[in-house]
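Here is how the chains run, residue by residue.
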Amino acid sequence: MTTYSEYIELSPHYESVVDRESETRYPDLWQEYIVHEDMVQALEKICRSIRNQQKDDRRSFWIHGAYGTGKSYAGIVLKHLFEDSIQAIEFFFERKSKLSSLSKDFLSIRKRGNFLVVWETGCTGVRNGLQLMFKMEVKIREQLRAVFGERAYYGKTSLIQAVQEKMNDPLFNWENIFRDPSYGLTEDYDSLDDLREQVSQGSLNECTRLARIFLDKGIALMNSVDMFEAWLEEVIEGNGLSETGIVFIWDEFTEFV
C-alpha cells in the first residue's frame with residue numbers, strides 16, 4: 001500500500017506557525033523559505049523603491065493575507081536579506097531560481113553598505129498617527145543602541161530640543177528620576193538644578209544621557225511629524241547610513257490599519 005511518506009518529506013525544522021520565536025529554535029529557517037510569485041513581486045517593488053529612480057518609486061508596502069499565509073515568514077526573510085552577510089544572501093539567491101532575475105539588482109543595493117533593520121510585532125496601544133510615530137522612534141533608538149552600542153548617534157538638534165521640553169514637563173517626577181541609583185545622576189551632579197542647567201545650555205552629553213533614560217522607560221521624544229522626519233534624516237547621516245538607510249518591518253500591523 002502506497003503511503004504519503006513515499007512522496008512527501010517534512011523538514012526536521014518544520015514550523016506550523018512561523019514567527020520571530022521560530023528563529024530561536026532554528027536560526028537558518030529563513031534559508032528554507034519557498035519563494036512564490038507574491039514574494040517575487042514584493043522584492044521587485046522593494047528594489048525599485050530603494051533605488052528611487054522614478055517619481056513615486058519610494059513608498060512603503062503592506063503585505064496582507066489571511067492567517068497562516070506566510071506574512072511573518074516573508075517579513076523574516078526580508079529582514080535577513082537586509083542585514084545578513086553578502087555570502088548568506090548570495091547562497092539564498094543561488095537556491096531560489098524564481099529570484100534569479102533579481103539577484104544582481106538586490107545584491108548591488110546591499111553592497112552599498114549595512115542597513116539598520118528594525119522589527120516590531122503587534123500594535124497594541126497604537127491608536128493614532130502620533131502614537132505610531134512614538135512607537136517607531138522608541139524601536140529605532142533601541143536598534144541603534146543594539147547595533148552601534150556607545151557609538152550610536154541619536155541626533156543632536158531634535159534630541160536637545162525634545163529633552164529640554166521634557167525637563168520642563170510637570171508630568172515627570174524629576175526628583176525621583178534624579179535620585180534613582182540605577183541612573184547614577186547623583187554621582188555626577190551636585191543637584192537636580194545643576195543637571196537642569198546643563199540641559200538648558202544644550203549640552204549634548206547630558207541630553208544624550210537623559211535620552212537613554214527615556215529609552216529605558218519606553219518614552220518617545222518626538223512630538224511632531226516634521227520633527228520626526230528631521231530626526232530620521234539626522235540619525236541616518238550620523239550613523240553612516242546615508243547610502244543605505246533604515247528598514248522598518250512591522251509584523252501584525254493590521255489592527256492599526
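Scope of this entry: the structure provided in the associated data block.

1. Comments concerning the overall build of the protein
For the protein, the helix and strand inventory stands at twelve helices and two strands. Reading the protein from its N end, one meets helices and strands in the order α-α-α-α-α-β-α-α-α-α-α-α-α-β. Taken along the three principal axes of its C-alpha coordinates, the protein extends 85 × 45 × 35 Å. Residues counted as buried form 41% of the 257 residues belonging to the protein. The long-range fraction of contacts in the protein, counting pairs at least 24 apart against all pairs at least 6 apart in sequence, stands at 72%. Just so you have it, the protein exposes about 15,300 Å², and 48% of that area is on carbon and sulfur atoms. Positive and negative side-chain charges of the protein, numbering 30 and 43 respectively, have mean locations separated by a distance of 4 Å.

2. With respect to the pattern of salt bridges
One pass over the structure, following the stated rule, counts eleven salt bridges. Where glutamate 142 meets lysine 139, a salt bridge forms, and the shortest distance between an N and an O atom there is 3.3 Å. Of the two residues, glutamate 142 and lysine 139 both sit in helix H6 (residues 129-148), three residues apart, roughly one turn of that helix. With a closest N to O distance of 2.7 Å, aspartate 188 and arginine 209 form a salt bridge. On the criterion of sequence distance, the pair formed by aspartate 188 in helix H9 (residues 185-188) and arginine 209 in helix H11 (residues 204-216) is long-range, its members being 21 residues apart. According to the relative accessible area criterion, arginine 209 is partly exposed, its value standing at 23%.

3. Quick notes on the packing of aromatic side chains
Scanning the entire structure with this criterion turns up 13 aromatic pairs. Pairing phenylalanine 172 with phenylalanine 214 gives two aromatic rings, centres 5.6 Å apart and planes at 65°, and the pair type is edge-to-face. Within this pair, whereas phenylalanine 172 is found in the loop between helix H7 (157-167) and helix H8 (174-179), its partner phenylalanine 214 is found in helix H11, the two being separated by 42 residues in sequence. For the pair shown, phenylalanine 172 and phenylalanine 214 are each scored as buried. These aromatic residues form a ring-pair network of at least three members: Trp30, Phe82, Phe92, Phe93, Phe106 and Phe115.

4. Thoughts on the environment of arginine 25
With respect to the element layout, arginine 25 can be found in helix H1 (residues 22-25). A relative accessible area of 52% places arginine 25 in the exposed class. Residues arginine 25 and leucine 192, 167 residues apart in the sequence, show an inter-C-alpha distance of 47 Å.

5. Here we look at H11
Because each turn of an α-helix spans 3.6 residues, side chains separated by three or four positions end up pointing in the same direction. In this model, H11 (13 residues) spans 18 Å end to end at C-alpha, consistent with the 18 Å of a helix rising 1.5 Å per residue. The complete set of buried residues in H11 reads Glu206, Cys207, Thr208, Leu210, Ala211, Ile213, Phe214 and Leu215. Two residues or fewer after H11 comes glycine 218, characterised by a positive phi angle close to 70°.

6. As for a nonpolar patch on the surface
A cluster of nonpolar side chains, namely Tyr4, Tyr7, Ile8, Leu10 and Tyr14, defines an oily patch on the protein surface of about 720 Å² accessible area. Within the secondary structure layout, isoleucine 8 lies in the segment before H1.

7. Things to note about the nonpolar core
Leu144, Val163, Trp174, Leu185, Leu195, Leu210 and Leu221 are the most contacted members of the largest nonpolar core, which totals 35 residues. Every element with two or more residues in this core is listed here: strand E1 (116-121), H6, H7, H8, helix H10 (192-200), H11 and helix H12 (225-238). Every residue in contact with leucine 210, bar those within four places of it in the chain, is listed here: Val163, Met167, Trp174, Leu195 and Val199. Judged by nonpolar contacts, the second largest core, of 33 residues, contains Val35, Val40, Tyr73 and Ile89.

8. Focus: unusual backbone geometry
In this model, glutamate 252 sits at a positive phi of 55°, which is unusual for a non-glycine residue. Relative to the assigned elements, glutamate 252 resides in the segment after strand E2 (246-251).

9. Some points on the environment of glutamate 15
Turning to its location among the elements, glutamate 15 is positioned in the segment before H1. As a C-alpha pair, glutamate 15 and arginine 25 span ten residues in sequence and 9.7 Å in three-dimensional space. Those residues in contact with glutamate 15 that lie beyond four places of it in its chain are Ser22, Arg25 and Leu29.

10. Some thoughts on the side chain of arginine 110
Within the fold, arginine 110 resides in helix H5 (residues 100-110). Within the buried set, arginine 110 has no salt-bridge partner at all; the shortest N-O distance to an opposite charge, 6.6 Å, is to aspartate 84. There is a polar contact of 2.8 Å between the side chain of arginine 110 and the backbone oxygen of leucine 81. Not counting chain neighbours up to four residues away, the residues in contact with arginine 110 comprise His80, Leu81, Phe82, Glu83, Asp84, Ile86, Ile89 and Phe115.

About the cut-offs
- Residues numbered from 1 in each chain as written.
- Predicted model: local features only at pLDDT ≥ 70, side-chain atom pairs only at ≥ 80, totals over all residues.
- Heavy atoms only, no water.
- Helix = DSSP H or I, 4+ residues; strand = E, 2+ residues; numbered from the N terminus.
- Buried < 20%, exposed > 50% of the residue type's maximum accessible area, 1.4 Å probe, protein only.
- Contact = heavy atoms within 4.5 Å.
- Areas by Shrake-Rupley, 256 points an atom, 1.4 Å probe, with all protein chains shown as cover.
- Lys, Arg positive; Asp, Glu negative; His and termini not counted.
- Charge placed at Lys NZ, Arg CZ, Asp CG, Glu CD.
- Salt bridge = Lys/Arg side-chain N within 4 Å of Asp/Glu carboxyl O.
- Phe/Tyr/Trp six-rings, centres within 6.5 Å; stacked < 30°, edge-to-face > 60°.
- Expected span 1.5 Å × (residues − 1).
- Patch = residues over 30% accessible without salt bridge, like charges linked within 9 Å, V, L, I, M, F, W, Y side chains within 5 Å.
- Core = buried A, V, L, I, M, F, W, Y, C linked by side-chain atoms within 4.5 Å.
- Polar contact = N/O pair within 3.5 Å; in protein donor to acceptor, adjacent residues only side chain to side chain.

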